[in-house]
Amino acid sequence: MVHVYNCHPFSSQQIVQVEQEPGLVCCGGGALFVVATGGCKVEAYSVEQEGCPLICRFATMGTVKSIRHSKTGDYLVTIEEKNGATYLRAYTNWRYQAEEKARVGVRLLGHLLRGASVRGGVQMEIIEIPLSERPVAVACCSITGDLLVGCENTLVLFTLRRQNQQSLQTQSQQILQSTWPNSQQSSSQGQTSSSSQNVSALDFERSVILHLPRINPKQVALCGGYVAVQAELEVLVLKLDASSETKPPEESSDTNKADHLEDHSDFLVLQRHQELLGDRAKDCDIPVSIEKTGLEDKGQYTLSYVLFRRFTPDFFQGCSVEETQLHSLQLYPLFTRAQSASVEEPACVFCFFSLPTVGYLYSLKGGVELLSAYQYPEKVLEAVLTDHLLHVITKSALQCFTVRCAAVAARIEDPYIDTTMKACPPCSLEVCALRMQLFIGLRSVCVYGRHVILLSTADTETPEETERNAQRRGLELKEHTMLTGIFLAVGIDPATTPALESLLSRPFLSRKWTISSPRETSTVGHGWNLYVVDTVSPLTLYQEMVEYSQRYTETNPQAQSLRHLLSEAHLLLRASILQTPEQQRSIQGEPAASLQTDADKPAEEQTAVETDNQELEEALRQNCAQLGDSFSRGSQKDCHLALPYYRMSGLSVTEVMARNRPLPSSPHTYGPGFLFYLKHYLLEETEQSLSQEAADEVIDIFSQSEPSQLVSVCASPPMINVSPARTLRILQHLEDTAGVSVPLTITMATMTLLLGDLPQYTQLMERHAEMVLVYGFIEESRLLLHGGGGGGRQHTHVRPTALTRQLAKTQPGLLVAAMVALHENSKVQLEQADHVFEELCCENCFQVDFWEAMLMASSQEAVIQELLFRVVSVYIDRLTNTNSDTHPVRTHTPPRHRPLKSADDLINSCSHYGALYPWLTVLSPAHTTSSQHQEALHKLQSLLCGPSLSVDSVVPLLERLSEETLWGFSLHLLCATRRGQYDSSIEKLLDRCPQAIIAYANHHLQDKHMALWWQKLLPELCNRTREAADNSILLAALRETLVVVSMETSPTEFLELIPDDGTASYFLPHLLACSQRHLLA
């Protein structure tokens, strides 16, 4: 479907004053090139100046049949005929003919001019390009300047080469000096005269030949490695890439089919319609082989199929073969502003071709895709694609269609397109036709920038055409008679069958006349004109579209036509914004061949470009606001698009609310798109807060439209200025109608807290148990915390709410439990929770309680080890700060409140806290300095007795604790024991506290360490009791040790353990007990 809008894209037109009737026209480089009918002369006119004055004129070497201009290199290439032969020639430096210099150099391809021709300065050159086959079509690459020539069954690619003119002069000097030594002085003078002209000379190198035996090119196109060839009813697009690897050419041989076609060359064989995109295009029946011919290019070329399209004429719809021929093949590159200036590869490449009744636009890069199919209202003769519009001509009119190139380029340039941040109309958006401009007898069209050049010729029939039509009618009669006779011979009378009669009235079997040849330009025409029609600027056309859209806004704001028109305007602006500075200058009317750089241009011009960009950006913001309005009131299907368009508009939420406020007389309520935008805005963690008036309006909006979202709305950070009394009444009404819920109760409690009604606050909070309230905080975490935005943004700071501060004063246990639950449900990160407690100015109180509670709840090993290290640091700080004044006060100060969990609670409820070893009670005296010190000591000892703490990580921290005290010694001893240092631990314990040695040995010297009883402990006790025989503690420990040794060893082993110092009588009772046990066993 094609939409039609009465917007005029043309601003003015002028007639080019041409002396002779134009036969061919083309444009480029700020110039219009006109070839007179049947003549051998090219005239160049400036399309950038008023009146299109003549730039220069120069003669060609033959009758021009086709002419093209190359943007890169600024050269012309022609297909010419002379004396029945066809030639391909390139014209370089043609602008120097404007200085009325008669000198013209003629040379062959690859033979650069030397000698006197070079010394005379820069001049126009005609480069003869020899071909083995007759050239049919030619195309130039606008990016590289390469040349593609289409012959009968081959495509020849010529690479543009540049050679510095000074090097040519040096070479010619050497040749002259070696030939004529006396000419040295004259040649040096010539070199001096032209030394200032350091201009590169253009030349071409034949690099690749593509053989296509089953397609006869009618038109060709070349762009950045993409090669397109068009036959009568077929289009093939290939990608030619340079590669260092050698690959055999992929050829699909089907000689039988080719022979079959040759045998039936007198008939038109119709093949089925095909459309093959991407990798599937290689399945077409057109083989392509590569022949590399370049000498300087050392690499290889690889060929890949990109697109194949074949059409079948439908004769039963009243169409002939002539009317179904393809035309206007074009490969169009598109660069974006985000690309580097040195990048030669375009961001997008588009392929356009057309039938007389429908045109097709494809995107080739990033996946081949059909963007648009243009249904023409009447037969189209020619079409030209640009960034903004598609210009087509019929016999009597010039018409413009919108294009989708900007939609493709925007998605390639910006990865945030089609998200909640940014949006752009889809590539599949239906196209629209703008107002047409009527002309008489249009024949051809070409475009340069904002200038559309049209050639019109009066409809006159030449004698040749009259003769051709008479021959055609005779052939039709002959075919009709022959086929009628065939049907009558088999007993069928076509006159009695209307379908057969209609069939025979269409001459579709003969191929001789249906294959049309290029129409010869009339030599006896009675009238012609050459127009230059200027299109309006994109901003002006956008403004006209906006004015045109007002009629839809007034009658039906939700009409699809309004949204479509605004989308068209959006793409029009995007196409201008995406353009590179070079493209902008080209459209604004600067010649591409200008030698000025940006630094050389006047400051006023640079300022004008910046002003234009600012105007485009502002217009885009206005358009986004209008699209946001359209989608905010639209259907549920596309309502989500209101969010990105409103974001791109730069409007504040207050301004968006004002645009969507329904009129008192309007029956419409708030649209789903507006509510979607508002919910997302309130869900964002933004620092911007609404005024009380705006916040109250938001409450009213949701109380009318979506009351279930009121809790989430009230918890949003921007709603901090909402009126608590008014909101509380609305929430109470919601509770009466929808019932009681935990988040709703907490929200109501928050409003009463803001009102200062503490009794009512307490009453509401006591409605539910603490664990139920925790589930309510999980459901709506913003009741406790503002900022952060969930688990994925851990580096974003969060802020406590007024309710959080109140809980820190009155219900710290609920606050800690809620923070733990939020962390476990990925609502807050550990660093964010630390920041909250710092904000509450109680980081050493509730923060340690939070860490301890996290150790009870968390199952993430990394988090557990981090928390263990933190709490150990805190416990050591508390021990040092409450024990001695010689240690400096650390970051963590003693807590100002009783911990929520005691050491016994943690031992009983947390697996990371182990039960205290029995021998620790001996080392920990009851008269410690304070209960805080005792609590910290027991928690630290419990962690060292537990299974999770990595001892190696805390040993450096324990160096702060002295071993002079028994509690400090107990911690160091725990670490040494956990590290397996039993021998040294036994010695230290016997030195400091021998009364604990048996309890220590009973607990640790078991299983694989049992041998330490008699290998380490017994010898140590024997030696120490020998030195202090009156030490009752050591004697008691020795007796307990001997009891264990007698139970675990045999009599022989025990006998070997008895010392030989004459004290064997002391060990005899234990030896007897060992022997009796052994006998019983």
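Quick caveat: nothing in here was measured; it's all calculated off a predicted structure. Every chain begins its residue count from 1, and numbering advances along the sequence as written. Where totals are concerned, whole chains, interfaces and linings use all residues; where local detail is concerned, this predicted model gives features only for residues with pLDDT of at least 70, and gives and counts side-chain atom pairs only at 80 or more. Only hydrogens and water are set aside; all other atoms, that is, all heavy atoms of the structure, feed into the side-chain values.

A.B. asks: Which residues make up the overall build of the protein chain, and what values go with them?
C.D. replies: Secondary structure summary: the protein chain contains 36 helices and 35 strands in total. Burial classes follow relative accessibility: with a 1.4 Å probe on protein chains only, a residue under 20% of its type's maximum area counts as buried, one over 50% as exposed, and anything between as partly exposed. Residues counted as buried form 50% of the 1081 residues belonging to the protein chain. Contacts were defined at the residue level, with two residues in contact if any of their heavy atoms lie within 4.5 Å. Restricting the contact set of the protein chain to residue pairs at least 6 apart, pairs at least 24 apart contribute 66%. When the accessible surface of the protein chain is split by element, carbon and sulfur atoms take 51% of a total near 50,500 Å². Put simply, DSSP marks the helices as runs of H or I at least four residues long and the strands as runs of E at least two long, and each gets a number from the N terminus on. Here the open area of atoms and residues is found with the Shrake-Rupley method and a 1.4 Å probe, where only the protein chains shown may cover a residue.

A.B. asks: Describe in detail the pairing of strand β13 (residues 147-150), supporting the description with residues and values.
C.D. replies: The side chains of a regular strand alternate, residue by residue, between the two faces of the sheet. Along β13, one buried face is formed by Leu-147 and Val-149 and the opposite face, lined by Leu-148 and Gly-150, is buried too. Connecting the antiparallel pair strand β12 (residues 137-140) and β13 is a turn made up of six residues, with Gly-145 showing a positive phi of about 80 degrees. Strands are treated as partners if at least two bridges between them are detected by DSSP.

A.B. asks: Residue-level account of the sheet that holds strand β10 (residues 104-108), with values.
C.D. replies: The strands making up a sheet associate through hydrogen bonds between their backbones, and the pairing can be parallel or antiparallel. In spatial order, the strands read β7-β8-β9-β11-β10; together these five strands make up an open sheet with mixed pairing. This sheet does not close on itself; its edge strands, each paired only once, are β7 (63-70) and β10. Pairs of neighbouring strands in the sheet enclose a mean axial angle of 25 degrees, with direction left out of account. Pairing analysis gives seven bridges linking strand β8 (residues 75-82) to strand β9 (residues 85-92), with the strands arranged antiparallel. Residue pairing in the sheet places Val-77 in a bridge with Ala-90 of β9. As a rule, the C-alpha atoms of each element are fitted with a line to give its axis, helices using only the stretch in contact, and angles between N-to-C directions run from 0 to 180 degrees.

A.B. asks: So what's going on with empty space enclosed by the protein? Residues and values would help.
C.D. replies: Two kinds of site are reported from a 1 Å grid over the protein atoms alone, namely cavities, where a 1.4 Å probe fits but cannot get out, and pockets, open sets with protein on both sides within 12 Å along at least five of seven lines, and residues are called lining when an atom falls within 4 Å of a point. Grid points are joined across faces, edges and corners, and a volume is the space filled by probe spheres set on the points. Across all of its chains, the model carries four cavities of 30 Å³ or more by this definition. One number sums up the size of the second largest cavity: a volume of about 60 Å³. As for the second largest cavity, its lining consists of Asp-387, His-388, Leu-389, Thr-402, Val-403, Cys-405, Ala-406, Met-545, Glu-568, Leu-571, Leu-572 and Ala-575. When residues of the lining of the second largest cavity are traced back to their parent elements, those giving at least two are α5 (405-413) and α9 (560-578). Residue contributions to the lining of the second largest cavity peak at four residues, all from α9. Residue polarity is assigned by list, with Asp, Glu, Lys and Arg as charged and Ala, Val, Leu, Ile, Met, Phe, Trp, Tyr, Cys and Pro as nonpolar; anything else, Gly included, falls into the polar class. The residue makeup of the lining of the second largest cavity, split by class, is eight nonpolar, two polar and two charged.

A.B. asks: Explain the sheet that holds strand β18 (residues 234-243) to me, and be specific about the residues and the numbers.
C.D. replies: What the five strands build is an open sheet, ordered β16-β17-β18-β21-β19; its pairing is antiparallel. Every other strand in the sheet has two partners, leaving β16 (219-223) and β19 (274-277) as the edge strands with one partner each. Sheet twist, expressed as the mean angle between neighbouring strand axes with direction ignored, is 25 degrees. Bridge count between β18 and strand β21 (residues 300-310): 10 bridges; the pairing is antiparallel. By the bridge assignment, Ala-242 is partnered in β21 with Tyr-301.

A.B. asks: Mind laying out the side chain of Arg-574, listing which residues take part and the relevant values?
C.D. replies: In this structure, Arg-574 sits in helix α9. One buried charged residue, Arg-574, forms no salt bridge at all, with the nearest opposite charge on Asp-414 at 5.8 Å. Arg-574 has contacts with Ala-406, Ala-410, Ile-417, Ala-423, Cys-424, Leu-620 and Met-648, leaving out every residue within four places of it along the chain. Here the positive residues are Lys and Arg and the negative ones are Asp and Glu; neither His nor the chain ends is included. Salt-bridge detection follows one rule: a side-chain nitrogen of Lys or Arg within 4 Å of a carboxyl oxygen of Asp or Glu.

A.B. asks: Describe unusual backbone geometry, with residues and values.
C.D. replies: Positive phi, close to 50 degrees, is recorded for Cys-52, a residue that is not glycine. Of note, Cys-52 is situated in the loop between β5 (41-46) and β6 (54-59). Judged by relative accessible area, Cys-52 falls into the buried class, the value being 4%. A positive phi is found at Asp-74, a non-glycine position, where the angle reads about 50 degrees. With respect to the secondary-structure elements, Asp-74 resides in the loop between β7 and β8.

A.B. asks: Requested: an account of the pairing of β8, with residues and values cited.
C.D. replies: The element β8 is extensively covered by neighbouring structure, given that six of its eight residues are classed as buried. Pairing between β7 and β8: seven bridges, direction antiparallel. Across the sheet, Arg-68 pairs through a bridge with Val-77, a residue of β8. Counted between consecutive antiparallel strands, the loop separating β7 from β8 contains four residues, among which Gly-73 sits at a positive phi close to 95 degrees.

A.B. asks: Give a description of the packing of aromatic side chains that names residues and reports values.
C.D. replies: Here the distance between the centres and the angle between the planes together describe a pair of aromatic rings. Any two rings among Phe, Tyr and Trp, with Trp reduced to its six-membered ring, count as a pair given centres within 6.5 Å; such a pair is stacked if its planes are under 30 degrees apart, edge-to-face if over 60, and tilted if neither. Applying the stated criterion across every chain, the model contains 19 aromatic pairs. With centroids separated by 5.2 Å and ring planes inclined at 70 degrees, the aromatic side chains of Trp-919 and Tyr-1000 adopt a geometry described as edge-to-face. One end of the pair, Trp-919, is in helix α27 (residues 918-923); the other, Tyr-1000, is in helix α32 (residues 997-1004), with 81 residues separating them in the sequence. Owing to a relative accessible area of 0%, Tyr-1000 belongs among the buried residues under this scheme. Through a chain of ring-to-ring contacts, the aromatic side chains of Phe-311, Phe-353, Tyr-360 and Tyr-362 assemble into a single cluster.

A.B. asks: Explain the packing of helix α22 (residues 812-824) against helix α23 (residues 830-839) to me, and be specific about the residues and the numbers.
C.D. replies: One way to put it is that α22 packs onto α23 with a least axis distance of 10 Å and a crossing angle of 155 degrees. By the criterion of interaxial angle, the relationship of α22 to α23 is roughly antiparallel. As for the relative orientation of α22 and α23, their crossing is right-handed in sense. Seen from α22, the contacting residues are Leu-815, Met-819 and His-823; seen from α23, they are Leu-830, Ala-833, Val-836 and Phe-837. Considering only residue class, the contact of α22 with α23 consists of six nonpolar, one polar and no charged. For classification purposes, an angle smaller than 35 degrees is called roughly parallel, one larger than 145 roughly antiparallel, one from 65 to 115 roughly perpendicular, and anything else oblique. Handedness of each helix crossing follows the sense of rotation of the near helix against the far helix: counterclockwise by less than a right angle gives left-handed, clockwise gives right-handed.

A.B. asks: Could you give an account of the nonpolar core, naming the residues involved and the relevant values?
C.D. replies: Among buried residues, the Ala, Val, Leu, Ile, Met, Phe, Trp, Tyr and Cys ones that are joined through side-chain atoms within 4.5 Å form a nonpolar core. One finds Leu-454, Phe-777 and Phe-850 to be the most contacted residues of the largest nonpolar core, which totals 181 residues. Not counting residues within four places of it along the chain, the set of residues in contact with Phe-777 comprises Ile-746, Leu-783, Leu-784, Leu-803, Leu-807, Leu-814, Ala-818 and Leu-822.

A.B. asks: Lay out α9 with the relevant residues and their values.
C.D. replies: Because each turn of an α-helix spans 3.6 residues, side chains separated by three or four positions end up pointing in the same direction. A rise of 1.5 Å per residue sets the reference length of α9, with its 19 residues, at 27 Å; its end C-alpha atoms lie 27 Å apart and thus fit the reference within 8%. Most of α9 sits out of view: 17 of its 19 residues are buried. Multiplying one less than the number of residues by 1.5 Å gives the expected span of a helix.

A.B. asks: Could you give an account of the pattern of salt bridges, naming the residues involved and the relevant values?
C.D. replies: Scanning the entire structure with this criterion turns up 34 salt bridges. Ionic pairing is found between Glu-152 and Arg-134, a salt bridge with its closest N-O pair at 3.0 Å. Here the residue Glu-152 occupies a position in the loop between β13 and β14 (154-164), and Arg-134 occupies one in the loop between β11 (124-129) and β12, the gap between them amounting to 18 residues. By relative accessible area, which is 44% here, Arg-134 ends up partly exposed. Measuring nitrogen to oxygen at the nearest pair gives 2.8 Å for the salt bridge that ties Arg-411 to Asp-418. A network of salt bridges, in which partner residues are shared, links Glu-987, Asp-991, Lys-1016, Glu-1020 and Arg-1024.

A.B. asks: Quick rundown of helix α28 (residues 931-945)? Include the residues and the values.
C.D. replies: An ideal rise of 1.5 Å per residue puts 21 Å on 15 residues; α28 measures up with 21 Å between its terminal C-alpha atoms. The buried count for α28 comes to 11 of 15 residues, which makes it a mostly enclosed element. Residues of α28 that are buried: His-933, Gln-934, Ala-936, Leu-937, Lys-939, Leu-940, Gln-941, Ser-942, Leu-943, Leu-944 and Cys-945.

A.B. asks: Describe the environment of Leu-572, listing the residues and the values that go with them.
C.D. replies: Looking at the element boundaries, Leu-572 is found in helix α9. For the pair Leu-572 and Thr-402, spaced 170 residues apart in sequence, the C-alpha separation works out to 8.3 Å. Setting aside residues up to four positions removed in sequence, Leu-572 forms contacts with His-388, Pro-538, Leu-541, Tyr-542 and Met-545.

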